[in-house]
Amino acid sequence: MESPITLPKLRHADLAPLSLTEVRRAMRENRYAGPTAGLCDGRLQCNMVILPASYGAEFQTFCEENPVFCPLLGVSEPGQPHLPALGAEIDLRHDLPLFFVYRPGQTVERLQDISALWRDDFQAFAIGCSFTFEHALMREGIGMRHIEEDVTVPMYRTDIATVPSGVFSGPAVVSMRPVREDQVDRVAEICRQFPHAHGAPIHAGDPATIGIQDVMRPDWGDAVSLKPGEVPVFWGCGVTSQMAVTQAAPEIAITHAPGAMLITDADEIAPPGWGRAAQ
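Because the structure is predicted, anything quoted here is derived from the model rather than measured.

Thresholds, definitions, all that
Residues numbered from 1 in each chain as written. Predicted model: local features only at pLDDT ≥ 70, side-chain atom pairs only at ≥ 80, totals over all residues. Heavy atoms only, no water. Buried < 20%, exposed > 50% of the residue type's maximum accessible area, 1.4 Å probe, protein only. Helix = DSSP H or I, 4+ residues; strand = E, 2+ residues; numbered from the N terminus. Arc of directions from axis to C-beta. Contact = heavy atoms within 4.5 Å. Salt bridge = Lys/Arg side-chain N within 4 Å of Asp/Glu carboxyl O. Phe/Tyr/Trp six-rings, centres within 6.5 Å; stacked < 30°, edge-to-face > 60°. Domains from an automatic or database assignment. Buried area = accessible area lost by both parts, 1.4 Å probe. Polar contact = N/O pair within 3.5 Å; in protein donor to acceptor, adjacent residues only side chain to side chain. Nonpolar A, V, L, I, M, F, W, Y, C, P; charged D, E, K, R; others polar.

**A short note on helix H6 (residues 184-191)**
Reasoning step 1: Within the span of H6, buried status applies to Val 184, Val 187, Ala 188, Ile 190 and Cys 191. Looking down the long axis of H6, one finds its buried residues gathered within 165° of arc, a one-sided arrangement.
Reasoning step 2: The inward-facing, buried residues of H6 contact helix H4 (131-139), strand S7 (171-180), strand S8 (203-204) and strand S9 (230-236).

Next comes the structure, spelled out in structure tokens:
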């Protein structure tokens, strides 16, 4: 009996020049499990939370009450691993590079494919991601250090409390990018065009102001270098939703791995259904 063919794993640099179709194929073939920052220019990227539908109403309200951290872009029908408004071909069981599985409230597995876990009562929630606005910043000559250094964007737990909804609550999470002091206002101006992707930064400067003691020790992702004349700039982050899932501790939940997003067919500037849950 012949051995199955094993395709070589791919690096971020291998995917960077590829089309969305090619990137999605690499994920479906389990050839890539890394960050999606910088991939598929012009396409909306999303955080993903998958829960038993019995938790759906409370989680949707949690997102709606915390739109800076969890801008809700799509909600699947229970049992359906698809989000037609964000892409006709999307299959949530395969199309993210890496998933985290929680049982209950604790990460117990990291998987590239969740087909074997999919249930008829699962409901999926797509939440805006700050990777979406990075292309616009780079087109203005504003560098993204985590892309330059080929690492996952640094993310931090803060002392900012979210607005609770039922069993969902917890601290807000932020992502950080170094920005030259003279570019901070321009960065905020550009990012305001992306309220569906966390919008403008919530803080620039001293990390301790929002409860971060050491910017070189992120809770998720990787530390990046800060150069003279730069300040750390912080945005709302969809990993906030993972903190809420941990607090709620359903018997099972599945999310994207931090930094490993769903890349949709939707336009990064004007996703369908923004301002309400896209169905």
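**Considerations on the pattern of salt bridges**
Reasoning step 1: Per the counting criterion, the structure on display carries 17 salt bridges.
Reasoning step 2: Note that Asp 265 is salt-bridged to Arg 24, the shortest N-O span being 2.8 Å. One end of the pair, Asp 265, is in strand S11 (residues 262-267); the other, Arg 24, is in helix H2 (residues 20-28), and 241 residues separate them in sequence.
Reasoning step 3: Taking the relative accessible area as the measure of exposure, Arg 24 reaches 9% and is therefore buried.
Reasoning step 4: Shared partners join several salt bridges into a network, and the residues in it are Arg 24, Arg 28, Asp 95 and Asp 265.

**Remarks on the packing of aromatic side chains**
Reasoning step 1: With the rule as written, the count across this model stands at eight aromatic pairs.
Reasoning step 2: Note on Phe 59 and Phe 168: the rings are 5.2 Å apart at their centroids and 70° apart in plane angle, and the pair reads as edge-to-face. In this pair, Phe 59 sits in helix H3 (residues 56-65) while Phe 168 sits in the loop between strand S6 (155-161) and S7, placing the two residues 109 residues apart along the sequence.
Reasoning step 3: For the pair Phe 133 and Trp 235, a centre-to-centre distance of 5.3 Å together with 35° between the ring planes defines the contact as tilted.

**Let's talk about the domain arrangement of the chain**
Reasoning step 1: Domain boundaries in the chain define domain 1 (12-129 + 244-267) and domain 2 (131-240).
Reasoning step 2: Here domain 1 and domain 2 have C-alpha centroids that lie 20 Å from each other.
Reasoning step 3: With 36 residues of domain 1 at the interface, the matching set in domain 2 holds 35 residues.
Reasoning step 4: Each partner contributes to the roughly 2800 Å² buried at the junction of domain 1 and domain 2, and carbon and sulfur atoms together form 65% of this total.
Reasoning step 5: Put simply, domain 1 and domain 2 have one salt bridge between them.
Reasoning step 6: At the boundary of domain 1 with domain 2, the tally comes to twelve residue pairs in polar contact (both at pLDDT 80 or more).
Reasoning step 7: Elements with a minimum of two residues in the side of domain 1 that touches domain 2: strand S1 (43-52), H3, strand S5 (122-128) and helix H7 (240-248).
Reasoning step 8: Examining the composition of the side of domain 1 that touches domain 2, we find that five residues originate from one element, H3, more than from any other.
Reasoning step 9: A per-class count over the side of domain 1 that touches domain 2 returns 21 nonpolar, twelve polar and three charged.

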